Amino acid sequence: MGSLLQADFRRILKDKLLLVMGILAVVFALITPLLYVAIAYGIGDLGEEMISSMFTGKAQFFGSFSIGNNLGLIAPVLLAIALCKDFSFGTIRNKIIAGKSRSAIFLSLFITCSVTLIAVMLLHAFMGLGVSLIFFDYQPTEFTVSDFWYFLESLAFSLLVLLCISALLSWLCASMKNVGLVIVLYIAISFVLVMAGSIIQVAMSVLQLMDGYENWVSVMEFLNRINIGNSTLYIGTGTEYTLEDVLYLTLPTTTGILAFVGLGLWSFNKKDLK
């Protein structure tokens, strides 16, 4: 397993797509806060109020992990292209011939995917936070020790979402016939998750204004909370987490990780490598 990981990480580090992901991480980290500044100051006095309340370093940091925009959508696609090269170039078959088990090969693929995606997204998030703090406060209130622990908890939940995305990508790469299909399916899945969250959120807002729809609102709230495409609405947006929050933020992602890794192992062990 160790030799597989070394080989996989060495190949990823040499791939120019990793450099592209790094450049995009820096570019988006610079552009997004500056865009918010331009919007805020472009609308006058109201913009100054928005700067102090809505536009914060905290919101910028945890919003960076969204899977539906900017780097959160592009990085997994580029990573899928890099990972699928092992299949198109026959590297996987050579590993099997060398005596490596298919399960070990897939787990190495998953670990490599997870570490790479997390590293790129953390670079993007922390750089974005650094730029944001030049113009915005971290949050409207004073930063305390409890805020620091809340930051670490929120970061852990965000990393769980990235692990779930990595498991999904690894399964798609190991089970699909070509990288084009992997990209199409990943974008389609991301789009459905994000759009479903947006539609449900709007429907909830409407139904909450009407009487007799409390049960429907509860069902929609549940669906929204378990949707990882909607995770940025609940991660890093408050000051503390209840036990219910922790369960909503850990059970769906953990289930997704185990399910996608299991599907990946099953499909890759049955895949015909020609």
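The coordinates are above.
Draft legend 1. Representation of the overall build of the protein. Regarding its fold elements, the protein presents 11 helices and zero strands. Tracing the protein from N to C terminus, the helices and strands come up as α-α-α-α-α-α-α-α-α-α-α. Computed over C-alpha atoms, the radius of gyration of the protein comes to 21 Å, within 12% of the 19 Å expected from 2.2 N^0.38 for 274 residues, which places it in the range of a compact globule. Along the longest, intermediate and shortest principal axes, the C-alpha atoms of the protein span 65 × 45 × 35 Å. Counting across all 274 residues of the protein, residues that qualify as buried make up 45%. In the protein, 83% of the contacts between residues at least 6 apart in sequence involve partners at least 24 apart. Counting every atom, the protein has about 14,000 Å² of accessible surface; 70% of that belongs to carbon and sulfur.

Draft legend 2. Structural view of the side chain of T32. Tracing the backbone shows T32 in helix α2 (residues 16-42). On the basis of relative accessible area, T32 is assigned to the buried category, the value being 12%. With sequence-adjacent residues up to four places away left out, T32 is seen in contact with Q60 and N70.

Draft legend 3. Here's a closer look at the environment of T141. Tracing the sequence through the fold places T141 in the loop between α7 (102-135) and α8 (145-175). The class for T141 is exposed, based on a relative accessible area of 56%. Here the alpha-carbon distance between T141 and T255, two residues 114 residues apart in the chain, equals 35 Å.

Draft legend 4. Up close: helix α5 (residues 71-88). With 18 residues, α5 extends 25 Å from end C-alpha to end C-alpha; this agrees with the ideal 26 Å at 1.5 Å per step. Of all 18 residues in α5, 13 are buried; the element is thus mostly enclosed.

Draft legend 5. Highlighting the pattern of salt bridges. Counted by the stated rule, this structure contains three salt bridges. For E221, the salt bridge goes to R225, with nearest N and O atoms at 4.0 Å. Of this pair, E221 and R225 both sit in helix α10 (residues 214-225), separated by four residues, roughly a single helical turn. On the basis of relative accessible area, E221 is assigned to the partly exposed category, the value being 27%. A salt bridge links D245 to R225, with the nearest nitrogen and oxygen atoms 3.0 Å apart. In this pair, D245 sits in helix α11 (residues 243-270) while R225 sits in helix α10, placing the two residues 20 residues apart along the sequence. As far as the burial class goes, D245 and R225 line up, both buried. Here the salt bridges share partners, and the residues they tie into one network are E221, R225 and D245.

Draft legend 6. How the structure looks around the side chain of S170. In this structure, S170 sits in helix α8. Here S166 takes part through its backbone oxygen, which lies 2.8 Å from a polar atom of the side chain of S170. What S170 contacts, discounting residues up to four positions off in sequence, is F106, L109, F110 and C113.

Analysis parameters
Residues numbered from 1 in each chain as written. Predicted model: local features only at pLDDT ≥ 70, side-chain atom pairs only at ≥ 80, totals over all residues. Heavy atoms only, no water. Helix = DSSP H or I, 4+ residues; strand = E, 2+ residues; numbered from the N terminus. Rg over C-alpha atoms; globule rule 2.2 N^0.38 Å. Buried < 20%, exposed > 50% of the residue type's maximum accessible area, 1.4 Å probe, protein only. Contact = heavy atoms within 4.5 Å. Areas by Shrake-Rupley, 256 points an atom, 1.4 Å probe, with all protein chains shown as cover. Expected span 1.5 Å × (residues − 1). Salt bridge = Lys/Arg side-chain N within 4 Å of Asp/Glu carboxyl O. Polar contact = N/O pair within 3.5 Å; in protein donor to acceptor, adjacent residues only side chain to side chain.

Shape descriptors only; they carry no functional weight alone.
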